[in-house]
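The chain contents come next:
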Amino acid sequence: FGSMQGGSIALDMGGAVEDLEMARPGYGKAVATDLSKMNPLARCVISMDKKVLSIIVLFFYSILFLLGMKTSGIAACVLLICAAMLAFSVWLARWVIARDEGTDKMIQVSNAIRDGAEGYFTTQYGTIGRMSIILTVVIYITYMFRRVTPEQEEAGMSPGVLAFLTSLSFLLGAFCSAVAGYVGMWVSVRANVRVAGSARRSASEALQVALRAGGFSAMVVVGMTVLGVCSLFSAFYVFFGVSQGTVNIDQIPLLLVGYGFGASFVALFAQLGGGIYTKAADVGADLVGKVEQNIPEDDPRNPAVIADLVGDNVGDCAARGADLFESIAAEIISAMILGGTMAKKSNISNPIGFIMFPLVVHSLDLVVSAAGILSVSGSASASQSSYDIMKKGYSVSIFLAAVGFVITCRTLLYTEAAPGAWMYFSMCGFVGIACSYAFVFISQYYTDYKYSPVRRIADASATGHGTNIIAGVAVGMEATAMPVLVISAAVTAAYHLGKMSGLSDADGNPTGGLFGTAVACMGMLSTAAYVLTMDIFGPIADNAGGIVEMSDEPESVRAITDELDAVGNTTKATTKGYAIGSAALAAFFALQCIHGRSLGLPGEPLQHR
């Protein structure tokens, strides 16, 4: 991609140099973009007149809002919050894009990263698109030969109708996940050079630009997840005439599983493809640069550096977003199924609150995370690192989430059958929130340079490669113990709190245990947008450090980006642990959904063996 000659960078990226000549130093404007290198759908949207695009978006959103109004006031409120928070994400993107891009060399390096990421996504999404069509046909055929439950037969849900709706849900889930990942990447590859440019002025500005760029991607991921599930639920509610009594409302969440399939399908490609690419590029760049040539990291003489920086965006940014998109979608749908099933067993006359509860919690997530993002300011000092500053924003988000959780439980989960149930479910939510905070602290402890595990590995490196590997593997194994204990304690506590809620079936058996674990998982994910913001901060800061190094900036600028890069490694590790923990909780009650009749297996509950 590039080589260093006489202190200047020469790149050949098929038009990047010509684009660079159109840019003027000191302007915060984007370099003229070669639209031919972009994804066809993105190229079409960007080329469209903004007024026409606004009218189209407003038209379709009006239809969704009308469907939400016909479903319930809760669904309409969720859709309004999603609209407001997606608008907030657009404001974040415009704020970031308005920052100065820095020097000509910075712009040139950024263009190379941008072109590489666009090329990767064009190839990957082309493959995903073709395979999704094949898998849609497979899903349709499978559902055509699948037996329906007695309840579905009474409602007129034939195998053909279920096959069509599940296939449609699958495509919508895959599309929303792909859009969320691509849009997040689109901003991150434009934010990196602006973080580098901001580092030339102050550490505080660089931190704020990187965090708000990550906030945009996080808001889009969570917002698209909630918007897709809520829209699909509302459409099915109206289509099957639930308000007329033709179909029981607890049957509608069962039709949403295809959406989770689609999200999982894209996440599989994004995580495996992006993860393998970024690690291969990272290791390759280090081997050829540090080991073979004995030159510094991100040195402009090393052509593999650009591939490494591209990998940060496609692996750590878009892939993590797709992973959490899938986790949140699966958790919402499973919790909606459990809520409807539990309400039915407990003879609750109007179960809409229990079914819509997961969607309300995650719309609340958007609001509290936005408040946390806006609360972050200041720069690192001897007494606090950039990570400490970001954790203050996380503390704001988690406090607001706890308050909002109690209000939501009292509003939606209060029932005359068990007047105190909402308090127990609130405590289940607090268990999940505490679990979330514990995961953030555990991840920081084992990956932050301020604490002893990282320092022990650094000390072991002084005596050779072998001791470095042994110390690293030992710390890695040790780091898995506490998360397992935390998850085990959270599942056990939430299950028993749910059983104590007072909800029971006709025989007097408690029914709230599994829903308690679902509420705990929702509590853990009630600040998912802010945690994802901190994660995407990592690759953006890493890219900014590479751009500064390749642009031959002064050491003072590199010192700022190095500190942000080090913090970014911790935030990326935090989100990996957070995603695994939330997936473990979600998997627990998802398996319980499969165990019973919740997913409508041939009409008979699975037997214990």
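Remember, predicted model here, so these are calculated numbers, not experimental data.

Participant: How should I be thinking about the overall build of the protein chain in this particular structure?
Facilitator: Broken down by element type, the protein chain carries 19 helices and 2 strands. Considering the protein chain as a whole, with its 609 residues, one finds that 55% of them fall into the buried category. A fraction of 79% describes how many contacts in the protein chain between residues 6 or more apart in sequence connect residues 24 or more apart. For the protein chain, the computed accessible surface area is about 24500 Å², with 65% contributed by carbon and sulfur atoms.

Participant: Can you help me understand unusual backbone geometry in this one?
Facilitator: Backbone phi values are negative for most residues with the exception of glycine, while trans is the configuration of most peptide bonds. Of note, the phi angle at N294 is positive, near 55 degrees, even though the residue is not glycine. Assignment of secondary structure puts N294 in the loop between α9 (257-292) and α10 (304-345). With a phi angle near 60 degrees, N347 is a residue other than glycine that sits in the positive phi range.

Participant: Please explain the packing of helix α11 (residues 352-375) against helix α18 (residues 528-550) as it appears in this structure.
Facilitator: The description of two packed helices rests on the angle between their axes and on the distance between the axes. For the pair α11 and α18, the least separation of the axes is 7 Å and the interaxial angle reads 45 degrees. Regarding the angle of α11 to α18, the classification is oblique. Contacts between α11 and α18 involve D365, S369, G372 and I373 from the first element and A528, A529, Y530 and T533 from the second. Residues that form the contact of α11 with α18 fall into these classes: 4 nonpolar, 3 polar and 1 charged.

Participant: Could you clarify how one ought to interpret the pattern of salt bridges in this entry?
Facilitator: Opposite charge on two side chains permits pairing when their charged atoms draw close. Under the definition given, this model contains 10 salt bridges. With a shortest N-O distance of 3.6 Å, R456 and E478 are connected by a salt bridge. Pair noted here: R456 is in helix α14 (residues 452-461) and E478 is in helix α15 (residues 465-479), with a separation of 22 residues, a long-range link. You can call E478 partly exposed: its relative accessible area is 36%. A cluster of three or more residues bridged by salt bridges with shared partners is formed by D100, R201 and E205.

Participant: Which parts of the structure should I look at to understand the nonpolar core?
Facilitator: Most often, soluble globular proteins keep nonpolar side chains buried together rather than apart. Ranked by internal contacts, the top residues of the largest apolar core, which has 168 residues, are F357, F425 and F515. Examining the composition of this core, we find that 21 residues originate from one element, helix α8 (residues 203-239), more than from any other. Among residues more than four places away in sequence, those in contact with F357 are F405, T408, C409, L412, L413, F515, V519 and M522.

Participant: Looking at this structure, I do not really get α18. What am I missing?
Facilitator: Structurally, the α-helix is built with 3.6 residues per turn, so residues lying three or four positions apart point the same way. Look at α18: 34 Å from first C-alpha to last across 23 residues, which is about the 33 Å you get at 1.5 Å a residue. Among the 23 residues in α18, 22 count as buried, and that is most of the element. Just past α18, the residue D552 takes up positive phi, approximately 60 degrees.

Participant: What exactly am I supposed to notice about the packing of aromatic side chains here?
Facilitator: Here the distance between the centres and the angle between the planes together describe a pair of aromatic rings. In total, this model carries 20 aromatic pairs according to the counting rule given. Centre to centre, the rings of Y125 and Y182 are 6.4 Å apart; their planes meet at 50 degrees, and the pair counts as tilted. One end of the pair, Y125, is in helix α5 (residues 104-144); the other, Y182, is in helix α7 (residues 159-199), with 57 residues separating them in the sequence. When sorted by exposure, Y125 lands in the same class as Y182, which is buried. An aromatic cluster is defined as three or more aromatic residues linked by ring pairs; in this entry it consists of Y120, F121, Y125, Y182 and Y277. Here R212 stacks its cationic end above the ring of W95, 4.5 Å away from the centre of that ring. Over the face of the ring belonging to Y414 we find R410, whose NZ or CZ atom lies 4.3 Å from the ring centre.

Participant: Help me understand a nonpolar patch on the surface in this model?
Facilitator: Together, I133, V137, Y140, I141, M144, F145, F164 and L168 make up a nonpolar patch on the protein surface, roughly 820 Å² of accessible area in all. At the level of secondary structure, the elements contributing two or more residues to the nonpolar patch comprise α5 and α7. Within the fold, I133 resides in helix α5. I133 gets classed as exposed once you look at its relative accessible area, which sits at 55%.

Participant: Whenever I open this one, the environment of I337 confuses me. Can you help?
Facilitator: On the secondary structure map, I337 appears in helix α10. Residues I337 and I355, 18 residues apart in the sequence, show an inter-C-alpha distance of 7.1 Å.

Participant: Sorry, what's going on with the environment of Y259 here?
Facilitator: Within the secondary structure layout, Y259 lies in helix α9. Judged by relative accessible area, Y259 falls into the buried class, the value being 1%. As a C-alpha pair, Y259 and E326 span 67 residues in sequence and 9.3 Å in three-dimensional space. Among the polar contacts made by the side chain of Y259, one reaches the main-chain carbonyl oxygen of M224 at a distance of 3.4 Å.

Participant: Even after reading the chapter, I still don't get the confidence of the model for the protein chain, so can you show me in this structure?
Facilitator: Residues shown with low pLDDT carry predicted positions that ought not to be read at fine detail. Looking at the protein chain as a whole, its pLDDT mean stands at 82, while 87% of the residues score no less than 70. Across residues 1-33 the pLDDT falls below 50, and counting only partners more than four positions away or on other chains, this stretch makes 71 contacts in the model. Residue range residues 597-606 is modelled with pLDDT below 50. Its contacts to residues more than four positions away, or to other chains, number 26 contacts.

Participant: Sorry if this is basic, but what is going on with the state of the cysteines here?
Facilitator: Scanning the model with the defined rule gives 0 disulfides in all. This cysteine, C435, is not joined by any disulfide, and C521 carries the nearest cysteine sulfur, 9.0 Å off. Relative accessible area serves as the criterion here: at 3%, C435 is assigned to the buried category.

Participant: How do you make sense of the packing of α11 against helix α12 (residues 386-412) when you look at a structure like this?
Facilitator: For the pair α11 and α12, the least separation of the axes is 8 Å and the interaxial angle reads 155 degrees. Classified by the angle between their axes, α11 and α12 sit roughly antiparallel to one another. Crossing angle aside, the handedness with which α11 passes α12 is right-handed. Packed against α11, whose contacting residues are G353, F354, F357, V360, V361, L364, V368, S369, A371, G372 and S375, the element α12 presents G393, V396, S397, L400, A401, G404, F405, T408, C409 and L412 at the interface. Of the residues assigned to the contact of α11 with α12, the class counts are 13 nonpolar, 8 polar and no charged.

Participant: I tried to follow the side chain of D542 on my own but got confused; where do I start?
Facilitator: As for its position among the elements, D542 is in helix α18. Taking relative accessible area as the criterion, D542 reaches 12% and is therefore assigned buried. Beyond its immediate sequence surroundings of up to four residues, D542 is in contact with L309, D312, D565 and K572.

Participant: Please explain the environment of S461 as it appears in this structure.
Facilitator: Note that S461 resides in helix α14. When the C-alpha positions of S461 and A471 are compared, they lie 8.6 Å apart, and in sequence the two are 10 residues distant. Polar contacts involving the side chain of S461 include one to the main-chain carbonyl oxygen of I457, which spans 2.9 Å.

Criteria and thresholds
- Residues numbered from 1 in each chain as written.
- Predicted model: local features only at pLDDT ≥ 70, side-chain atom pairs only at ≥ 80, totals over all residues.
- Heavy atoms only, no water.
- Helix = DSSP H or I, 4+ residues; strand = E, 2+ residues; numbered from the N terminus.
- Buried < 20%, exposed > 50% of the residue type's maximum accessible area, 1.4 Å probe, protein only.
- Contact = heavy atoms within 4.5 Å.
- Areas by Shrake-Rupley, 256 points an atom, 1.4 Å probe, with all protein chains shown as cover.
- Axes fitted to C-alpha atoms, helices over the stretch in contact; angles between N-to-C directions.
- Parallel < 35°, antiparallel > 145°, perpendicular 65-115°, else oblique.
- Nonpolar A, V, L, I, M, F, W, Y, C, P; charged D, E, K, R; others polar.
- Salt bridge = Lys/Arg side-chain N within 4 Å of Asp/Glu carboxyl O.
- Core = buried A, V, L, I, M, F, W, Y, C linked by side-chain atoms within 4.5 Å.
- Expected span 1.5 Å × (residues − 1).
- Phe/Tyr/Trp six-rings, centres within 6.5 Å; stacked < 30°, edge-to-face > 60°.
- Lys NZ or Arg CZ within 6 Å of the ring centre and 35° of its normal.
- Patch = residues over 30% accessible without salt bridge, like charges linked within 9 Å, V, L, I, M, F, W, Y side chains within 5 Å.
- Polar contact = N/O pair within 3.5 Å; in protein donor to acceptor, adjacent residues only side chain to side chain.
- pLDDT = per-residue confidence, 0-100.
- Disulfide = S-S within 2.5 Å.
- Left-handed = near helix turned anticlockwise from the far one by under 90°.

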